[in-house]
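Report on the structure
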Amino acid sequence: MPDIRLTVIDPSGLHARPAARFVQAASRFASRIAIQHDGREADAKSLIALLGLTIRPSTEITLTADGPDADEALTALAAELTPYVAAAEPAG
Amino acid sequence: MGLVLISHSGKLVEGLREMVAQVAGEDVPVATAGGTSDGRLGTSAPQIEAAIRSTLDGGADDALVLLDLGSAALSLELALEELDEADRARVRISEAPLVEGAILAAVQASIGASIDDVAAAADGAATMAKLPRA
């Protein structure tokens, strides 16, 4: 299952408006898409699940996608989160 | 589907409508009923009825109604009594907190979710975490 690790760089974290845009973008894909943060995971197609992660600035998130359009979804969603995120440092 | 927002304050629901549009986009119809007919704080059954009818007549299959508190529920009941059975069946009342519930519901509605999923998203607002876990 492909994934992308990202660091949140927006000073407000992943707040309501970008989170809503993200949910709307995620819902266009057939794949199951999740966002992992601080040991928890949320359905990327649910705003309440996403906001419930309380994603703060300078923290890391991982997007995962499972399904027929997984790779395409991750590429599009990472782009959707620009300029709120940057690529995370490669895992050590 | 569309949202109907009811508050004792017209300013509150107008501001909330702006927030909903900015977070969820303009595609989800939002009707409001706030304040009394003479501009005081309170709720008005005719205003609520008009807001529900405008949603149902405006092309939405269903309407999810969110309200603030107290007599808003009584005014809503009076408004619903004016609807025929078929229209009443298209209206769902939410127990969700008004502000958070409206925004969460609107985002789920904007992605084409069913009324069950939209209502569940609104309900989730009551227990949604706002601060990071300690």
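Before reading on, note that the structure itself is shown above.
My aim in this report is to walk through the structure given alongside it, one point at a time. (Residues numbered from 1 in each chain as written. Chains lettered and ligands numbered in written order. Predicted model: local features only at pLDDT ≥ 70, side-chain atom pairs only at ≥ 80, totals over all residues.)

**A closer look at the environment of Leu53(A)**
All names here are of chain A. Quick reminder of the rule: Each helix corresponds to a stretch of at least 4 residues labelled H or I by DSSP, and each strand to a stretch of at least 2 residues labelled E; elements are numbered beginning at the N terminus. What counts as a contact is two residues whose backbone-derived C-beta atoms lie within 7 Å of each other.
Along the polypeptide, leucine 53 turns up in the loop between helix H2 (47-52) and strand E4 (60-66). Taking the C-alpha atoms as reference points, leucine 53 and alanine 42, separated by 11 residues in sequence, lie 7.2 Å from one another. Other than its neighbours up to four places away in sequence, leucine 53 contacts Ile35, His37, Arg40 and Ala42.

**Brief notes about the sheet that holds strand E2 (residues 30-34) of chain B**
Residue and element names in this part refer to chain B. Test applied: Paired strands, as defined in this entry, are two strands with at least two bridges between them according to DSSP. Think of each axis as a best-fit line through the C-alpha atoms, taken over the contacting stretch in the case of a helix, with angles from 0 to 180 degrees between the N-to-C directions.
The parallel open sheet is built from 4 strands, whose spatial order is E2-E1-E3-E4. Across the chains shown, the open sheet's two edge strands, defined by having one partner strand only, are E2 and strand E4 (91-93). Here the average twist between neighbouring strands, direction ignored, is 20°. For strand E1 (residues 2-7) and strand E3 (residues 63-67), the ladder comprises 5 bridges, and the chain directions are parallel. Bridging from a neighbouring strand, valine 4 pairs with valine 65 of E3. Sitting on the sheet, helix H1 (residues 10-24) touches E1 and E2, and the angle it makes with E2 is about 165°. Seen against the sheet, helix H5 (residues 98-110) touches E1 and E3 and runs at an angle of roughly 170° to E1.

**Some words on the interface of chain A and chain B**
The condition is simple: Any residue that is not Ala, Val, Leu, Ile, Met, Phe, Trp, Tyr, Cys, Pro, Asp, Glu, Lys or Arg is counted as polar, Gly included; the first ten are nonpolar and the last four charged.
Contacts between the two partners involve 14 residues from chain A, matched on the other side by 16 residues from chain B. Secondary-structure elements contributing two or more residues to the side of chain A that touches chain B are helix H1 (16-26) and H2 of chain A. It is H1(A) that provides the largest number of residues to the side of chain A that touches chain B, a total of 5 residues. Residues of the side of chain A that touches chain B, tallied by class, amount to 6 nonpolar, 5 polar and 3 charged.

**Quick notes on the environment of Ala50(B)**
Residue and element names in this part refer to chain B. Test applied: Counts of 20 or more other C-beta atoms within 10 Å of a residue's own C-beta define buried residues, counts of 12 or fewer define exposed ones, and intermediate counts define partly exposed ones; C-beta atoms are placed from the backbone.
Tracing the sequence through the fold places alanine 50 in helix H2 (residues 45-57). When the 16 C-beta atoms within 10 Å are taken as the criterion, alanine 50 is described as partly exposed. Separated by 18 residues in sequence, alanine 50 and threonine 32 have C-alpha atoms that sit 9.1 Å apart.

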